[in-house]
Amino acid sequence: MTQKDLADRVGVTRQTILAIEAAKYSPTLELAFKIARAFDKSIEEVFFYKIPE
């Protein structure tokens, strides 16, 4: 799946997907669920949060 395909599926721009992949943008909870659903995965399988030390 291309970034454009994913962006179209979840209703954002390709640039938004690129920024999420580059860890320059954190998606909203709603968008995170949409992205996980697009891959038929749970949100925990797609996203994780590392607590800063």
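See the structure above.
Worth saying up front: this structure is predicted, and the values here are computed from it rather than measured. (Residues numbered from 1 in each chain as written. Predicted model: local features only at pLDDT ≥ 70, side-chain atom pairs only at ≥ 80, totals over all residues. Heavy atoms only, no water.)

Draft legend 1. Structural context of the overall build of the protein. Across its full length, the protein holds four helices and zero strands. For the protein, the succession of helices and strands along the chain, N to C, is α-α-α-α. A compact globule built from 53 residues should have a C-alpha radius of gyration of about 10 Å, and the protein, at 11 Å, falls within 12% of that. Viewed in the frame of its principal axes, the protein has a C-alpha envelope of about 35 × 20 × 20 Å. Within the protein, the proportion of its 53 residues that are buried is 21%. A fraction of 25% describes how many contacts in the protein between residues 6 or more apart in sequence connect residues 24 or more apart. Of the accessible surface of the protein, which amounts to about 4400 Å², a share of 55% is contributed by carbon and sulfur atoms. A distance of 5 Å separates the average location of the 8 positive side-chain charges in the protein from that of its 8 negative side-chain charges. (Helix = DSSP H or I, 4+ residues; strand = E, 2+ residues; numbered from the N terminus. Rg over C-alpha atoms; globule rule 2.2 N^0.38 Å. Buried < 20%, exposed > 50% of the residue type's maximum accessible area, 1.4 Å probe, protein only. Contact = heavy atoms within 4.5 Å. Areas by Shrake-Rupley, 256 points an atom, 1.4 Å probe, with all protein chains shown as cover. Lys, Arg positive; Asp, Glu negative; His and termini not counted. Charge placed at Lys NZ, Arg CZ, Asp CG, Glu CD.)

Draft legend 2. Spatial organisation of the nonpolar core. Judged by nonpolar contacts, L6, A7, V10, I17, I20, L31, I35 and A38 together constitute the single largest core of eight residues. Among the secondary structure elements, those contributing two or more residues to this core are helix 1 (3–10), helix 2 (14–21) and helix 3 (29–38). Once residues lying within four places of it in the same chain are set aside, the contact partners of L31 are V10, V12, T16 and I20. (Core = buried A, V, L, I, M, F, W, Y, C linked by side-chain atoms within 4.5 Å.)

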